[in-house]
Amino acid sequence: MILVPGGRGQLGHDLAALSADVRAVSSAELDITAVTAADLAGASAVINCAAYTAVDAAETDEERAFAVNAVGPGLLARACASLGIPMIQVSTDYVFSGDGVRPYETTDPVGPKSAYGRTKLEGEHRVLEAGGYVVRTSWLYGVHGSNFVKTMAALESSRPTLSVVDDQAGAPTWSHDLAAGLLELVSVLPATRLLHATGGGQTTWFRFARAIFEELGADPARVQPCTTAEFPRPAPRPAYSVLSGAAWAAAGLRPLPHWRSALSEAFRAGVVAPRTGAAPLE
């Protein structure tokens, strides 16, 4: 049985949908900040999806973010190690500074600029020290939960135009594809323990939004580019956070599909519910 703490989110739902061997549990059912080996009874592996992901809120709530993103994964990794079972920690592109100009390798220096990134990086350290695996991903979206794709779809039906930042580059990742990759990782368990898994290629939030409009059958020209400076947020966003999948491929794992084809597939899978009787925008 593959135990998935934090399993009620978009990634946990997809893991459970892809394998009958997955037991996805909520944070209420299993609090990783107080986990012990006894809580993992019957598990053959653990994929940790529990995380504090409120990036802006973490700037003023770093203590709680640290507990969930660093302390909890460390406890979970040590509990897994004591039982001799593998653990996979899902991490983020935010551990990098975002100042790069080429896809980040797993061996590149890290340098998070936000509280969220700092806490996730500390979680990585603790998991790796205990012998677990860390898989960094980026720009995750899925059928379940809130995400950028659903936000853009909601705005498309309520606004004639909208502005989206065009100076932040990354790789959108469909949670279904990541879930499949994580399950493959559990079956392979390569020697390399720090990996990147994202949708192939790269884009900007603006171009991602235009692609979403295309999938919705809406005019992509209604999405206009803007700069990050025009929409300041409490937590700084990485300007460039494309992650290289070289280590993933070298470990013998199948690369995730290109982000654009994955987006089309996600729409066919119902990432945005079909609309009925919607009034046209004026």
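Structure report, in brief.

Procedures and definitions
Residues numbered from 1 in each chain as written. Predicted model: local features only at pLDDT ≥ 70, side-chain atom pairs only at ≥ 80, totals over all residues. Heavy atoms only, no water. Axes fitted to C-alpha atoms, helices over the stretch in contact; angles between N-to-C directions. Helix = DSSP H or I, 4+ residues; strand = E, 2+ residues; numbered from the N terminus. Left-handed = near helix turned anticlockwise from the far one by under 90°. Contact = heavy atoms within 4.5 Å. Nonpolar A, V, L, I, M, F, W, Y, C, P; charged D, E, K, R; others polar. Phe/Tyr/Trp six-rings, centres within 6.5 Å; stacked < 30°, edge-to-face > 60°. Buried < 20%, exposed > 50% of the residue type's maximum accessible area, 1.4 Å probe, protein only. Lys NZ or Arg CZ within 6 Å of the ring centre and 35° of its normal. Expected span 1.5 Å × (residues − 1). Salt bridge = Lys/Arg side-chain N within 4 Å of Asp/Glu carboxyl O.

Between helix 6 (residues 205-216) and helix 8 (residues 259-268), whose axes approach to 10 Å, the crossing angle comes to 40 degrees. Viewed along their axes, helix 6 and helix 8 form a crossing whose handedness is right-handed. In contact with R207, F208, A211, I212, E214, E215 and L216 of helix 6, helix 8 contributes W259, R260, L263, S264 and F267. When the residues that make up the contact of helix 6 with helix 8 are grouped by side-chain class, the tally is seven nonpolar, one polar and four charged.

The interhelical angle for the contact between helix 4 (residues 148-156) and helix 6, taken along N-to-C directions, is 60 degrees, at an axis separation of 10 Å. When you trace helix 4 past helix 6, the crossing you get is right-handed. Here helix 4 contributes F148, V149, M152, A153 and E156 to the contact with helix 6, which in turn contributes W205, F208, A209, I212, F213 and L216. Its residues assigned to classes, the contact of helix 4 with helix 6 shows ten nonpolar, no polar and one charged.

Glancing now at the packing of aromatic side chains. Counted by the stated rule, this structure contains ten aromatic pairs. Aromatic side chains Y141 and F208 sit 5.8 Å apart centroid to centroid with 55 degrees between the ring planes, which places their arrangement in the tilted category. Of the two residues, Y141 is situated in strand 6 (residues 140-141) and F208 in helix 6; the sequence distance between them amounts to 67 residues. Its relative accessible area of 1% is what places Y141 among the buried residues. Taking the centre distance of 4.7 Å and the plane angle of 55 degrees together, the rings of F148 and W205 count as tilted. Here W205 lies in helix 6 and F148 lies in helix 4, a separation of 57 residues in the sequence. Looking at W205, the relative accessible area reads 17%, which means it is buried. A cation over a ring is seen here: R193 above Y133, with NZ or CZ 4.7 Å from the ring centre.

For helix 5 (residues 175-188), with 14 residues, the first-to-last C-alpha span of 20 Å sits near the 20 Å given by 1.5 Å per residue. Of all 14 residues that make up helix 5, ten are buried, and the element is covered over most of its length. Inspection of helix 5 places S175, D177, L178, A179, G181, L182, L183, E184, L185 and V186 among the buried residues, and these make up the whole buried set. One or two positions beyond helix 5, positive phi appears at L189, with a value near 50 degrees.

Throughout the structure, instances matching the rule amount to 13 salt bridges. With its nearest N and O atoms 3.0 Å apart, the salt bridge here joins E29 to R8. Here E29 is found in the loop between strand 2 (22-25) and strand 3 (45-48), whereas its partner R8 is found in the loop between strand 1 (2-5) and helix 1 (10-18), with 21 residues between them in sequence. Using a relative accessible area of 48% as the deciding quantity, one classes E29 as partly exposed. R8 sits in the partly exposed class, given a relative accessible area of 46%. In this structure, the salt-bridge partner of E62 is R118, at a minimum N-O distance of 3.0 Å. On the criterion of sequence distance, the pair formed by E62 in helix 2 (residues 62-83) and R118 in helix 3 (residues 115-129) is long-range, its members being 56 residues apart. Overall, R118 belongs to the partly exposed group, its relative accessible area being 36%. Counted as one network, the salt bridges with shared partners bring together D56, R233 and R237.

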